[in-house]
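Architecture at a glance
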Amino acid sequence: MDQTKNNIRALVRLFEQSDWDELRVETKDLKLVISKNANAPGLTVLENAPRTRLPSTADAEITDATEPAAKSEPAEIPEGLVAVRAPNLGTFWRAPKPGAAPYIEVGQKVNADTMVCLIEVMKLFTPINAGIAGTVVELVAENSAMVEYGDTLVLIDPST
Amino acid sequence: MSLSFEMPPGYRLEKFDNLDSTNEEAKRRAQTGAAAGLIISAQSQSAGKGRQGRTWISPSGGLYFSILLRPTCPAAKAAQLSFVSALAVGEGIATSLRVPERLCFKWPNDVLIGTRKVAGILLESGSGSKILEWLVVGIGINIESHPENMNYPATCLIHETGTACDPAQVLVNVVHAFDKWCRIWEGEGFEPLRVAWLDRARGLKTEIEVRLFEHSIRGVFQGLAPDGALRLEVPGEGERIIPAGDVYFPVQS
């Protein structure tokens, strides 16, 4: 078990130094989910489970291998497409205000830093960027819909 | 300059006569590398804004300012700065009110005196796929006048204090309170803010309406979730957790 603890510590250090949002590792004896989002699927706290709090609100929690990895797995993404996902719970807005032109349309070319939508939570409005260059294939989330962490918002084809 | 006009350490004020919007100026400055703690104020705004592109009417005689922050956390947590801001405005103006007990909050961050809105707060941030690069808290406080015929009743400080209010002093008071609540939030987490906000929440345990984009939900306002989201007990459905929406109270006869 000491070796396992050391491995977990090494993974947590690696995660802290990275710019990743989430890290999932699964072996025969262990399932480890580390996320910077406290609401991430799979972050269930077990009694007596070791718990490591990372700086800057990042959470690391260890679940038993028999626990399901996530309450709901993300929907299947068609091969070759990349999903822009919700970074947190909130309301999905396609346009800056009712009646205004949407930020993106299907068929539009985008760059990694093209803004694709706004997410509102408690009157904080946060723009979400495409994160990858390509063509918008589908706007999955409905305007004004409540989205949860990890929900697919937009599908992008990076090959076109 | 009187000592009472000094900002807390780490904050610096830049004053403008007129801007399109103090949030827009603060965002421009954020994008060109300005450090956290910058406060942009304007005597009037030509394009002051509220939620969903609504206009925040901003004639001279009001207080309009934005605070630039660089929180090292994701948007879901940074949104709790809505409550930091509301508590700061409440504390910054409460002592000058004739009846401080009338001050209350409408979820998540409107500041009311009785049933009338005296201040509005809008938060905007940089790209949110990871840790936020920057966040701007925009605050508008009606001081000498307030708009009529809005979709909610409004008031202004001068009506509620009975005497003239110096916007510069209100600004300093609010920023000091903001700094205080920010430190509590950073040091002790959200719970003390949740308790303080609920202590002055309007409509707690009563029926309210939450308007979303194309529909609204009615239910009993049960309080705040641990992260600040609104807990609404909807008849026949049970409790719903609402992360965003406009709260309305039934018209009282």
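Predicted, not measured: the structure shown is a model, and the values here were computed from it. (Residues numbered from 1 in each chain as written. Chains lettered and ligands numbered in written order. Predicted model: local features only at pLDDT ≥ 70, side-chain atom pairs only at ≥ 80, totals over all residues. Heavy atoms only, no water.)

The next point concerns the side chain of Ser21(B). Residue and element names in this part refer to chain B. Along the chain, the position of Ser21 falls in the loop between β1 (12–19) and α1 (22–31). The buried category is assigned to Ser21, whose relative accessible area is 2%. A distance of 3.2 Å separates a polar side-chain atom of Ser21 from the backbone nitrogen of Asn23. Here Glu24 takes part through its backbone nitrogen, which lies 3.1 Å from a polar atom of the side chain of Ser21. Sequence-distant contacts of Ser21, defined by excluding residues within four places in its chain, comprise Gln45, Ala47, Gly48 and Lys49. (Helix = DSSP H or I, 4+ residues; strand = E, 2+ residues; numbered from the N terminus. Buried < 20%, exposed > 50% of the residue type's maximum accessible area, 1.4 Å probe, protein only. Polar contact = N/O pair within 3.5 Å; in protein donor to acceptor, adjacent residues only side chain to side chain. Contact = heavy atoms within 4.5 Å.)

Listed per partner, the contact involves 27 residues of chain A and 39 residues of chain B. For the pair chain A and chain B, the two sides together bury roughly 2,700 Å², of which 63% comes from carbon and sulfur. Together, Met122(A), Lys123(A) and Leu124(A) form the three largest contributors to the area buried by chain A at its contact with chain B, with a combined 30%. Connecting chain A to chain B are two salt bridges. Across the pair Lys123(A) and Asp110(B) runs a salt bridge whose closest N-O atoms are separated by 2.9 Å. Contributing elements (two or more residues each) for the side of chain A that touches chain B: β6 (90–93), β8 (115–121) and β9 (124–129) of chain A. The leading source of residues in the side of chain A that touches chain B is β9(A), at six residues. Looking at the side of chain A that touches chain B residue by residue, the classes come out as 12 nonpolar, nine polar and six charged. (Buried area = accessible area lost by both parts, 1.4 Å probe. Salt bridge = Lys/Arg side-chain N within 4 Å of Asp/Glu carboxyl O. Nonpolar A, V, L, I, M, F, W, Y, C, P; charged D, E, K, R; others polar.)

Helix length check: helix α3 (residues 81–94) of chain B, at 14 residues, gives a terminal C-alpha distance of 19 Å against a target of 20 Å (1.5 Å per residue), a fit within 8%. Within α3(B), 13 of the 14 residues are buried, which leaves it mostly tucked inside the rest of the structure. (Expected span 1.5 Å × (residues − 1).)

Below, the discussion takes up the environment of Asn18(B). All names here are of chain B. Relative to the assigned elements, Asn18 resides in strand β1. Sequence separation between Asn18 and Gly62 is 44 residues; the distance between their C-alpha atoms is 12 Å. Look past the residues within four positions of Asn18 in its chain and what remains in contact with it is Ser44, Gln45 and Ser46.

Residue and element names in this part refer to chain B. Under the counting rule described, the total for this entry stands at five aromatic pairs over all chains. Relative to Phe190, the ring of Phe83 has its centre 5.3 Å away and its plane inclined at 70 degrees; by these criteria the two rings are edge-to-face. One end of the pair, Phe83, is in helix α3; the other, Phe190, is in the loop between α5 (167–188) and α6 (191–199), and 107 residues separate them in sequence. Between Trp197 and Phe221, the aromatic rings sit 6.4 Å apart at their centres with planes inclined by 70 degrees, giving edge-to-face as the arrangement. (Phe/Tyr/Trp six-rings, centres within 6.5 Å; stacked < 30°, edge-to-face > 60°.)

A separate point is the domain arrangement of chain B. All names here are of chain B. Domain boundaries in chain B define domain 1 (12–198) and domain 2 (207–248). Taking only C-alpha atoms into account, the centre of domain 1 sits 23 Å from that of domain 2. Between domain 1 and domain 2, the residue contacts involve 12 residues of the former and 17 residues of the latter. Carbon and sulfur atoms supply 56% of the area buried between domain 1 and domain 2, which totals about 1,200 Å² over both sides. (Domains from an automatic or database assignment.)

Residue and element names in this part refer to chain B. Between α3 and α6, the least distance of the axes is 10 Å, while the angle of their chain directions is 50 degrees. With respect to each other, α3 and α6 are oriented oblique. Our pair here, α3 against α6, has a crossing hand that is left-handed. Each of Phe83, Val84, Ala86 and Leu87 in α3 lies in contact with α6, whose residues at this interface are Leu193, Ala196 and Trp197. (Axes fitted to C-alpha atoms, helices over the stretch in contact; angles between N-to-C directions. Parallel < 35°, antiparallel > 145°, perpendicular 65-115°, else oblique. Left-handed = near helix turned anticlockwise from the far one by under 90°.)

As a working rule, side chains carrying opposite charge can pair if their charged atoms are close by. Residues and elements named next belong to chain B. Using the criterion set out here, one finds 24 salt bridges over all chains in the structure. Across the pair Glu124 and Lys49 runs a salt bridge, and its minimum N-O distance is 3.2 Å. Residue Glu124 is located in strand β6 (residues 116–125), and its partner Lys49 is located in the loop between β2 (38–45) and β3 (63–69); the two are separated by 75 residues in the primary sequence. Overall, Glu124 belongs to the buried group, its relative accessible area being 11%.

Here we take up unusual backbone geometry. Cis geometry is adopted by the peptide bond preceding Pro108(B), which originates at Trp107(B) and carries an omega value of -5 degrees. Structurally, the position occupied by Pro108(B) is in the loop between β4 (103–106) and β5 (110–113). Here the phi dihedral of Ser144(A) falls at roughly 75 degrees; this positive angle occurs in a residue that is not glycine. Mapped onto the elements, Ser144(A) comes out in the loop between β10 (134–139) and β11 (146–147). Residue Lys205(B) is not a glycine yet carries a positive backbone phi of 65 degrees. Structurally, Lys205(B) is set in the loop between α6 and β8 (207–211).

What tends to happen in soluble globular proteins is that the nonpolar side chains get buried as a cluster. If you look at the biggest cluster of nonpolar residues, it comprises 70 residues, and the most contacted ones within it are Ile141(B), Leu157(B), Phe178(B) and Trp197(B). If you tally residues by element for this core, the top one is α5(B), at 11 residues. Counting residues in each nonpolar core, the second largest holds 17 residues, with Ala86(A), Cys117(A), Ile119(A) and Val147(A) among its members. (Core = buried A, V, L, I, M, F, W, Y, C linked by side-chain atoms within 4.5 Å.)

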